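Report on the structure
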Amino acid sequence: VKGEDVLQKNLAKARQQANYYKSLFEDKRKTYKGKTSAEIKAIQEKRYGFIELPTGAGKTLVIEEAIACIKPHGTLVITKGKKLVGDLAKTLGQTFPSIQIQQWGGVNVPKRFKQAIDPSKPYIIVSTYQSFTKANHRDPLIREADMVLVDEAHVCVAETFALTVQATPAPY
């Protein structure tokens, strides 16, 4: 019985901590969501930019807002990790149901994200770094993209990846 009491106390403490961190996360999202509009407008004016946000602050929201504000014809979203690329493609597919989405890299890619893209219609390509570098600037969808959004941009210091991004003629 004494061991169960300790367990219950520990569970209660863990729940309290989880609720505390959850409230911080929600406050951060609210705080950053309102501030990103000005940052995206600055990116529109300068045609480049760098937005740094802490984990859980809503970088996916920033990606969605950038696409919604700038309304590019073609967007490349590059992220690391096979799971992240799939999650991001799914989220963007839900947010922009009328825009074609293709996923490069990842595992268990849904059929709808493997379909060929009609370059005359708006599109979003969500890719891992490796798949993007492999496709390089030879792919016409990369050459025609108006915007490149790089998640975890510190990876750009890798020479191969940096050269690939620099070869992309996207104005944003």
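Residues numbered from 1 in each chain as written. Predicted model: local features only at pLDDT ≥ 70, side-chain atom pairs only at ≥ 80, totals over all residues. Heavy atoms only, no water.

What follows is about the sheet that holds strand β4 (residues 147-150). Spatial ordering of the open sheet is given by β2-β3-β1-β4, a layout of four strands whose pairing is parallel. A single partner strand is all that each edge strand has here, and the edge strands are β2 (100-104) and β4. Mean inter-strand twist for the sheet, computed between neighbouring axes without regard to direction, equals 15 degrees. Two elements, β2 and strand β3 (residues 123-128), share five bridges in a ladder whose sense is parallel. Residue pairing across strands places Q102 opposite I125, the latter belonging to β3. Sitting on the sheet, helix α3 (residues 82-95) is in contact with β1 (74-79), β2 and β3, with an inclination near 165 degrees to β3. (Pairing = 2+ DSSP bridges. Helix = DSSP H or I, 4+ residues; strand = E, 2+ residues; numbered from the N terminus. Axes fitted to C-alpha atoms, helices over the stretch in contact; angles between N-to-C directions. Contact = heavy atoms within 4.5 Å.)

Judged by nonpolar contacts, the single largest core of 18 residues is most densely connected at V77, L92, I124 and V126. Elements with a minimum of two residues in this core: α2 (59-70), α3, β3 and β4. Once residues lying within four places of it in the same chain are set aside, the contact partners of V77 are I63, L88, L92, I124, I125, V126, S127 and L149. Counting residues in hydrophobic clusters, the runner-up holds 15 residues, among them I78, W104, Y123 and V148. (Core = buried A, V, L, I, M, F, W, Y, C linked by side-chain atoms within 4.5 Å. Buried < 20%, exposed > 50% of the residue type's maximum accessible area, 1.4 Å probe, protein only.)

Here the focus is the pairing of β2. Of all five residues making up β2, five are buried, and the element is well covered by its neighbours. Every second residue of β2 is oriented toward a common face, with Q100, Q102 and W104 on one face and I101 and Q103 on the other, all of them buried.

Moving on, we come to the packing of α2 against α3. Contact pair α2 / α3: the axes reach a minimum separation of 11 Å and the direction vectors enclose 45 degrees. In terms of orientation, α2 lies oblique with respect to α3. The handedness of the crossing between α2 and α3 is right-handed. Along the contact surface, α2 presents T60, I63, E64 and I67, while α3 presents L88, T91, L92 and T95. (Parallel < 35°, antiparallel > 145°, perpendicular 65-115°, else oblique. Left-handed = near helix turned anticlockwise from the far one by under 90°.)

This part is about the environment of I67. Locating I67 in the fold gives a position in helix α2. By relative accessible area, I67 is classed as buried at 5%. For the pair I67 and M147, spaced 80 residues apart in sequence, the C-alpha to C-alpha distance is 8.4 Å. Non-local contacts of I67, meaning those with residues more than four positions away in its chain, are made with P72, T75, L92, F96, I124, M147 and L149.

Over its 14 residues, α3 extends 20 Å from the first C-alpha to the last, a length consistent with the 20 Å expected when each residue adds 1.5 Å. Every buried residue belonging to α3 is among V85, L88, A89, L92 and G93, and all of these are buried. One face of α3 carries all of its buried residues, which in axial projection span an arc of 135 degrees. Turned more than 90 degrees away from the buried face of α3, the exposed residues are K83 and Q94. The inward-facing, buried residues of α3 abut α2, β1, β2 and β3. (Expected span 1.5 Å × (residues − 1). Arc of directions from axis to C-beta.)

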